[in-house]
Amino acid sequence: MKILTLFFLIFSLYGSDSFITKEEYAKMLYQSPRGVGCHKCHGLKGKGMVLGRYKEGNSTKVIEAPDITKLSYQKFKKALTSSKNRLMPHYFLTDKEMKTLYYYLKRHR
Ligand code: HEC
């Protein structure tokens, strides 16, 4: 009987998992891409955000995460696969995951 319950549990978990829509999956990935969620810096819709300000001499410098909704896929992918970013963490995303994120950002402009 216990085994039956277990099977049922696994089955229902698996079942509900496969019913999420592409939109839901894309949103999930954007907010938890095996690392810090993109929304924490770029905002929920990818429009960019001011992360902080600091003084340098007499001027105030602004640290900003850029708007990432208007890039070509080439640029988008390049930014995610290069290690030259100064502030953004490095992610290890598959091609499919990057395409999903790109799709998400284009949908929510
Ligand atoms: C800790 C804050 C932070 C997080 C989290 C973050 N980014 Fe960034 N991102 C930045 C900053 C700041 C830049 C500007 C380059 C730099 O200084 O690193 C940037 C640059 C980019 C660029 C290049 C923009 C351009 O105009 O060339 C893309 C694309 C991008 N981020 C996508 C993402 C995606 C997708 C995620 C989630 C997987 C993510 N970022 C998570 C802060 C962040």
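In the block above lies the structure referred to throughout.
Cut-offs and rules
- Residue positions are given per chain, counting from 1 as you read along its sequence in written order.
- Side-chain atom pairs in this predicted model are given and counted only at pLDDT of 80 or more, local residue features only at pLDDT of at least 70, and totals for whole chains, interfaces and linings cover all residues.
- Heavy atoms from the whole structure form the basis of all side-chain values; hydrogens and water molecules are not counted.
- The donor set covers N, O and S atoms within 2.8 Å of the metal, switching to 3.2 Å for Na, K and Ca, and it leaves out water, so a site may look short of donors.
- Burial classes: relative accessible area under 20% of the type maximum marks a residue as buried, over 50% as exposed, and values in between as partly exposed (1.4 Å probe, protein chains only).
- A patch consists of residues whose relative accessible area exceeds 30% and which take part in no salt bridge; residues with like charges are grouped when within 9 Å of each other, and nonpolar side chains (Val, Leu, Ile, Met, Phe, Trp, Tyr) when within 5 Å.
- The Shrake-Rupley method, run with a 1.4 Å probe, gives the accessible areas here. Residue values count only the displayed protein chains as cover.
- A carboxyl oxygen of Asp or Glu within 4 Å of a side-chain nitrogen of Lys or Arg is what we treat as a salt bridge.
- Secondary structure elements follow DSSP: runs of H or I no shorter than four residues count as helices, runs of E no shorter than two count as strands, and numbering proceeds from the N terminus.
- Fitted lines through C-alpha atoms serve as axes, helices being fitted only where they are in contact, and the angles separating the N-to-C directions of these axes extend from 0 to 180 degrees.
- Should an angle fall under 35 degrees it is taken as roughly parallel, and over 145 as roughly antiparallel, whereas 65 to 115 is taken as roughly perpendicular and any remaining angle as oblique.
- Contacts: residue pairs with any heavy atoms within 4.5 Å of one another.
- Just so you know the grouping, Ala, Val, Leu, Ile, Met, Phe, Trp, Tyr, Cys and Pro go in nonpolar, Asp, Glu, Lys and Arg go in charged, and all remaining residues, Gly too, go in polar.
- Crossing chirality is assigned from the near helix's rotation relative to the far helix, an anticlockwise turn below a right angle marking it left-handed and a clockwise turn marking it right-handed.

Let's shift gears to the coordination of the iron atom of the ligand. Here the iron atom of the ligand is held by His42 (NE2) and Met88 (SD), and the distances to it run 1.9 to 2.0 Å. Take His42: its relative accessible area is 9%, and that puts it in the buried class.

Our next topic: a nonpolar patch on the surface. Residues Ile20, Tyr25 and Met28 make up a contiguous nonpolar surface patch of roughly 260 Å² in combined accessible area. Mapping Tyr25 onto the fold places it in helix α2 (residues 22-31). Judged by its relative accessible area of 33%, Tyr25 is partly exposed.

Phi is mostly negative for residues that are not glycine, and the peptide bonds are mostly trans. In the Ramachandran plot, Arg34 falls in the positive-phi region, its phi being about 55° despite a non-glycine side chain. Mapped onto the secondary structure, Arg34 falls in the loop between α2 and α3 (39-42).

Per the counting criterion, the structure on display carries five salt bridges. The residue Glu97 makes a salt bridge to Arg34 at a minimum N-O spacing of 2.9 Å. Of this pair, Glu97 sits in helix α5 (residues 95-107) while Arg34 sits in the loop between α2 and α3; the two residues are 63 residues apart in sequence, bridging distant segments of the chain. Residue classification places Arg34 among the exposed residues on the basis of a relative accessible area of 56%. For Asp67, the salt bridge is made with Lys70, and the minimal N-O distance between the two is 3.1 Å. Note on Asp67: relative accessible area 28%, which makes it partly exposed.

Moving on to the packing of α2 against α5. Helix-helix packing is described using two parameters, namely the angle between the two axes and the distance between the axes. Remark: α2 packs on α5, axes separated minimally by 9 Å, with the N-to-C direction vectors making an angle of 105°. Relative to α5, the element α2 is oriented roughly perpendicular. Residue-level inspection shows Lys22, Glu23, Tyr25, Ala26, Lys27, Leu29 and Tyr30 of α2 in contact with α5, the latter providing Glu97, Thr100, Leu101, Tyr103, Tyr104, Leu105 and Arg107. A breakdown of the residues in the contact of α2 with α5 according to their chemical character gives eight nonpolar, one polar and five charged.

On to the packing of helix α4 (residues 73-81) against α5. In the contact formed by α4 and α5, the axes pass within 11 Å of each other and the chain directions differ by 125°. Of the possible angle classes, the one that applies to α4 and α5 is oblique. Seen from above, α4 lies across α5 with right-handed handedness. Each of Tyr73, Phe76, Lys77, Leu80 and Thr81 in α4 lies in contact with α5, whose residues at this interface are Asp95, Met98, Lys99, Leu101, Tyr102 and Leu105. Residue composition of the contact of α4 with α5, grouped by class: seven nonpolar, one polar and three charged.

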